[in-house]
Each structure stands twice: as structure tokens, then as C-alpha cells.
Amino acid sequence: MAELAEAAGITVRTLRFYRERKLIPPPRREGRIAWYDEHHLARLRTIAALLERGHTLGGIAELLTAFEHGRGVGELLGLRGAIAAPWSEETPVRLSPEKLADHFAGEVTPENLAGALDIGYLAVDGDEIVHVSRRLLDASSALVDKGVPLAAVLAAGRDVRAHAEALAATFTTLICDHVLSGLLDRTPDGAPLPPDEITRVTQTLATLRPIAKDVIDAELSMAMDRRIRAELDARLPGEGRPE
């Protein structure tokens, strides 16, 4: 239970509460041992996403029950829910101040803490610190371990965040203009779309998410190749170009 709670970024107390409300299925038991798996983690992430959109726990219970009986989440949540389904799959990490210091030995200064809080990498929850993303935490600690100062990592993070926002704006405009064009105009006064239309939008956006990530990964890889060649030409002009 403690491992599942940590992976989901919640407390064990919250997880017990969800179990009591039957928001997650019971674990598989072997004697006195209770085993949780990726299905329980996926359910907790769904609950977190629904809470962020303003749903109550009672409403979430109804949605999950309906979903288990074969109705799609897009149909249950309507057009807004279909469009606003999360793109990120980040797992928050709860850390004590001591564990955070272990990740960045000698680099956890008041200035760096303030910078991490300002960019949104860290948040404070009681006596614990919550890092927004396991992947970003691992990447940051790896860079520091290789000799990059944490202050430089945070500065680079701010630049990456700004470029990511610009990329997100580009893809959002593309989707709104060519995929969702006309949908909002067809729902005056908040009138719901037919379930089959909601399902179509949900499936289309689910297909586009990995495509957008593939485009960014490909462009970044090619840009890195170009930049590295340019740096080599500038810094090692006598070495010649590789075949």
C-alpha cells in the first residue's frame, strides 16, 4: 500500500480512504499480503485527473461504476472531459527534505529551493516536499551527478518550459482549427453532443497525442545533430567533418 501511494503521489491515509469508498478495487491477497498492480495505479491517476476538473468523490464513484459497465469516459464526461483528458503521464514524487538532499548532494540551497518552487518543480505538502514528475526528478539529479550545477539545471528548465509552452500553443491551434473546428459552435448554451460524436473526438485526440510527442522528439533529435555539428565546426575547425 505504501509503494502504491508513493507512486500515485498521495498519502497512505488517502489511499485507505479511497479503498473505504470503494473507488479502487480490492488488492489481490496471498495470505496476509495484499498485492497492488498497475491497474490500481491507473485508477488512482484517473481519480486525480477527475478531482482536478472539479468532480466530487461521489460523482467520481458514479463515473467509475458506469465506466465498468461499458460506457466510455468521453461519453460520461461530455465534450469538455473528452478534450481536457490529460496528455501528461507524470508521476509525482513525495520526498522528505533529507531524501531531496540525497538527490542533489550539496546543491539544495535556499536559492535553488526557491527556484524549484518558482518554476513549479516542487511544492510543499505539510512536512513533505512533492516533486511534480519522477522523470524530471531523475533527469535533474542525473545532470547534477554529471557535474551540471543545479542552478544551471533550473535555468535550463525555465527555458525548456517556455519552449514547451510555445510548442503546446502550436499543436493546440492546429487541433482547434482542424479537428475541433465547429464543435463548440454546435453546442449552444452548453447543450451536449451526441455520445457517438463525443466518442469520435475522444478517439481522435487519443490518436493525436503520441503523434505530437513523436514530432517533437524527431525535431529535437535532428536539431541536436545540427547544433552539435555547428559547435564542432566552430570549436574544432581543423578537424574536418566526419564522414
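Look up a bit, the structure's there.
All figures in this text were calculated on a predicted structure; none of them were measured in a lab.

Definitions and limits used
Residues numbered from 1 in each chain as written. Predicted model: local features only at pLDDT ≥ 70, side-chain atom pairs only at ≥ 80, totals over all residues. Heavy atoms only, no water. Helix = DSSP H or I, 4+ residues; strand = E, 2+ residues; numbered from the N terminus. Contact = heavy atoms within 4.5 Å. Areas by Shrake-Rupley, 256 points an atom, 1.4 Å probe, with all protein chains shown as cover. Salt bridge = Lys/Arg side-chain N within 4 Å of Asp/Glu carboxyl O. Buried < 20%, exposed > 50% of the residue type's maximum accessible area, 1.4 Å probe, protein only. Pairing = 2+ DSSP bridges. Axes fitted to C-alpha atoms, helices over the stretch in contact; angles between N-to-C directions. Core = buried A, V, L, I, M, F, W, Y, C linked by side-chain atoms within 4.5 Å. Phe/Tyr/Trp six-rings, centres within 6.5 Å; stacked < 30°, edge-to-face > 60°. Parallel < 35°, antiparallel > 145°, perpendicular 65-115°, else oblique. Left-handed = near helix turned anticlockwise from the far one by under 90°.

Looking only at helices and strands, the chain has 10 helices and 5 strands in total. Residue pairs at least 24 apart in sequence account for 62% of intrachain contacts in the chain once pairs closer than 6 positions are excluded. Only carbon and sulfur atoms are counted for the fraction: they give 57% of the accessible area of the chain, which is about 16,400 Å².

Turning next to the pattern of salt bridges. Applying the stated criterion across every chain, the model contains 5 salt bridges. Salt-bridge contacts for Arg28 lead to Glu30; the nearest nitrogen and oxygen are separated by 2.5 Å. Measuring nitrogen to oxygen at the nearest pair gives 2.8 Å for the salt bridge that ties Glu128 to Arg94. Of this pair, Glu128 sits in strand 5 (residues 128–131) while Arg94 sits in strand 3 (residues 93–95), and the two are 34 residues apart along the sequence. Exposure remark for Glu128: the relative accessible area of 31% places this residue in the partly exposed category.

Another aspect to go through is the sheet that holds strand 4 (residues 122–125). Ordered by their spatial adjacency, 3 strands build an open sheet running 3-5-4, and the pairing between neighbours is antiparallel. Each end of this open sheet is capped by a strand with a single partner; those strands are strand 3 and strand 4. Averaged over all pairs of adjacent strands, the angle between their axes in this sheet comes to 30°, without regard to strand direction. Here 3 bridges tie strand 3 to strand 5, and the two strands are oriented antiparallel to one another. Paired with Arg94 across the bridge in strand 5 is Val130.

Turning to the nonpolar core, a few remarks are in order. Counting 17 residues, the largest nonpolar core has Ile10, Leu15, Tyr18, Leu23, Leu44, Ile47 and Ile60 as the members making the most contacts within it. Breaking this core down by element, the ones donating at least two residues are helix 1 (2–8), helix 2 (12–20), helix 3 (38–52) and helix 4 (57–68). By size, the runner-up hydrophobic cluster in this structure holds 14 residues, among which are Val93, Phe104, Ala116 and Tyr121.

A separate point is the pairing of strand 5. One ladder, built from 4 bridges, connects strand 4 with strand 5; its direction is antiparallel. Its bridge partner lying in strand 5, Asp125 is registered against Glu128. Turn length for the strand 4-strand 5 hairpin, with the two strands adjacent in sequence and antiparallel, is 2 residues, and the turn residue Gly126 shows positive phi of about 65°.

Moving on to the packing of aromatic side chains. The final tally for this structure, using the stated rule, is 1 aromatic pair. On the basis of an interplanar angle of 50° and a centroid distance of 6.5 Å, the ring pair of Phe17 and Tyr18 is categorised as tilted. The buried category is assigned to Tyr18, whose relative accessible area is 8%.

Our focus in this paragraph is the packing of helix 7 (residues 110–119) against helix 9 (residues 150–178). Where helix 7 meets helix 9, the closest approach of the two axes is 10 Å, and the angle between their N-to-C directions is 15°. Overall, the two elements helix 7 and helix 9 adopt an arrangement that is roughly parallel. Between helix 7 and helix 9 lies a crossing of left-handed hand. Side by side, helix 7 and helix 9 meet where Asn112, Gly115, Ala116, Asp118 and Ile119 of the first sit next to Leu150, Ala151, Leu154, Gly157, Arg158 and Arg161 of the second.

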